[in-house]
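# Structure assessment
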Amino acid sequence: MCVFCEIIAGNIPSRKVYEDEHVLAIMDINPLSAGHTLVMPKKHTEDFITADTETVHQVIDVTHTLAERIVKALGAQGVNIVTNVGEAAGQSVSHLHFHIIPRYGNDAALSFHEAETPVDLDDVFAKITA
Ligand code: AMP
Ligand code: ZN
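Per chain, residue numbering runs from 1 following the sequence as it is written. Labels follow written order: the first chain is A, the first ligand is 1, and so on. Local features are withheld for residues below a pLDDT of 70 in this predicted model, meaning they are given only at 70 or higher, and side-chain atom pairs are given and counted only at 80 or more; totals for whole chains, interfaces and linings count all residues. Note that water and hydrogens are dropped before the side-chain values are worked out from all heavy atoms of the structure.

### Side note on the overall build of the chain
- A run of H or I in DSSP becomes a helix once it reaches four residues, and a run of E becomes a strand once it reaches two; helices and strands are each numbered from the N terminus. Of the regular secondary structure elements, the chain holds three helices and five strands.
- Going from the N terminus to the C terminus, the chain shows its helices and strands as α-β-β-β-α-β-β-α.
- Overall, the C-alpha framework of the chain stretches about 50 × 35 × 25 Å when taken along its three principal axes.
- Note on exposure labels: buried denotes an accessible area under 20% of the residue type's maximum, exposed denotes more than 50%, and partly exposed covers the range between, all computed with a 1.4 Å probe on protein chains only. Taken over 130 residues, the chain has a buried fraction of 35%.
- A separation of at least 24 residues holds for 54% of the contacts in the chain among residues at least 6 apart in sequence. Should any heavy atoms of two residues lie within 4.5 Å, those residues are considered in contact.

Printed below as a string of structure tokens:
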């Protein structure tokens, strides 16, 4: 069983933020910010791309609700909602999860504006719209 399935089964302790029939949300054990929460389906599903549509909808619905609740509860100025797919993207647990990462305006973690990878926009555009 993967680590999140172990948590869902109750074999590994966690701080449960939300739970329903299909979805569990827990505090991240190694948070990037105060309030960093993980939202996952109870059914083992490897990642966002291979997940079925119903599972994606269930997890996104809860992510939407919790993001607002967490931001308000903690007085955050913003929030990053992220799901990593594959090792190359930094996925370390192969069980679909959305990160809710509240932001307070005083941290540099998770900047999307630092890397400058040269990209041929016309070539990439042609490929993804083919
Ligand atoms: P990712 O790297 O996108 O797969 O995210 C996995 C996340 O799971 C990381 O942020 C870890 O800190 C978190 N994590 C790993 N094990 C646990 C655990 N037992 N309880 C809570 N969070 C965990
Ligand atoms: Zn799993």
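On we go from here.
### Focus on the packing of aromatic side chains
- Within 6.5 Å between ring centres, the rings of Phe, Tyr and Trp (the latter by its six-membered ring) count as paired, and their orientation is classed by plane angle as stacked under 30 degrees, edge-to-face over 60, tilted in between. Evaluation of the coordinates by the stated rule reveals one aromatic pair.
- Ring geometry for Phe48 against Phe98: centres 5.8 Å apart, planes inclined by 85°, an arrangement best described as edge-to-face. On the criterion of sequence distance, the pair formed by Phe48 in the loop between strand 3 (37-41) and helix 2 (53-74) and Phe98 in strand 5 (residues 98-103) is long-range, its members being 50 residues apart.

### Overview of the sheet that holds strand 5
- We call two strands paired when DSSP finds no fewer than two bridges between them. Strand order in the open sheet made by the five strands is 1-2-3-5-4, with antiparallel pairing throughout. Every interior strand has two partners, whereas the edge strands, strand 1 (16-19) and strand 4 (78-82), have only one. The average angle at which neighbouring strand axes cross in this sheet is 15°, direction not considered.
- Where strand 4 and strand 5 come together, five bridges link them in antiparallel fashion. When the sheet's bridge partners are listed, Gly78 is paired in strand 5 with Arg103. Every axis in this analysis is a line fitted to C-alpha atoms, fitted for helices over the stretch in contact. Angles between the N-to-C directions lie between 0 and 180 degrees.

### Observations regarding the pairing of strand 2 (residues 23-27)
- In terms of burial, strand 2 is largely enclosed, as four of its five residues are buried.
- Counting the residues that bridge the hairpin from strand 1 to strand 2 gives three residues.
- For strand 2 and strand 3, the ladder comprises five bridges, and the chain directions are antiparallel. Looking across to strand 3, one finds that Val23 is bridged to Pro41.

### Looking at the pattern of salt bridges
- Salt bridges are counted wherever a side-chain nitrogen of Lys or Arg sits within 4 Å of a carboxyl oxygen of Asp or Glu. Counted by the stated rule, this structure contains five salt bridges.
- For Glu68, the salt bridge is made with Lys72, and the minimal N-O distance between the two is 2.9 Å. Of this pair, Glu68 and Lys72 both sit in helix 2, four residues apart, roughly one helical turn.
- Accessibility expressed as a relative area gives 62% for Lys72, which makes it exposed.
- Among the ionic pairs, Asp123 bridges to Lys127, the shortest N-O distance being 3.1 Å. With a gap of four residues between them, Asp123 and Lys127 both fall in helix 3 (residues 121-128), about one helical turn apart.
- Residue Asp123 is classed as partly exposed on the basis of its relative accessible area of 35%.
- On the basis of relative accessible area, Lys127 is assigned to the exposed category, the value being 59%.

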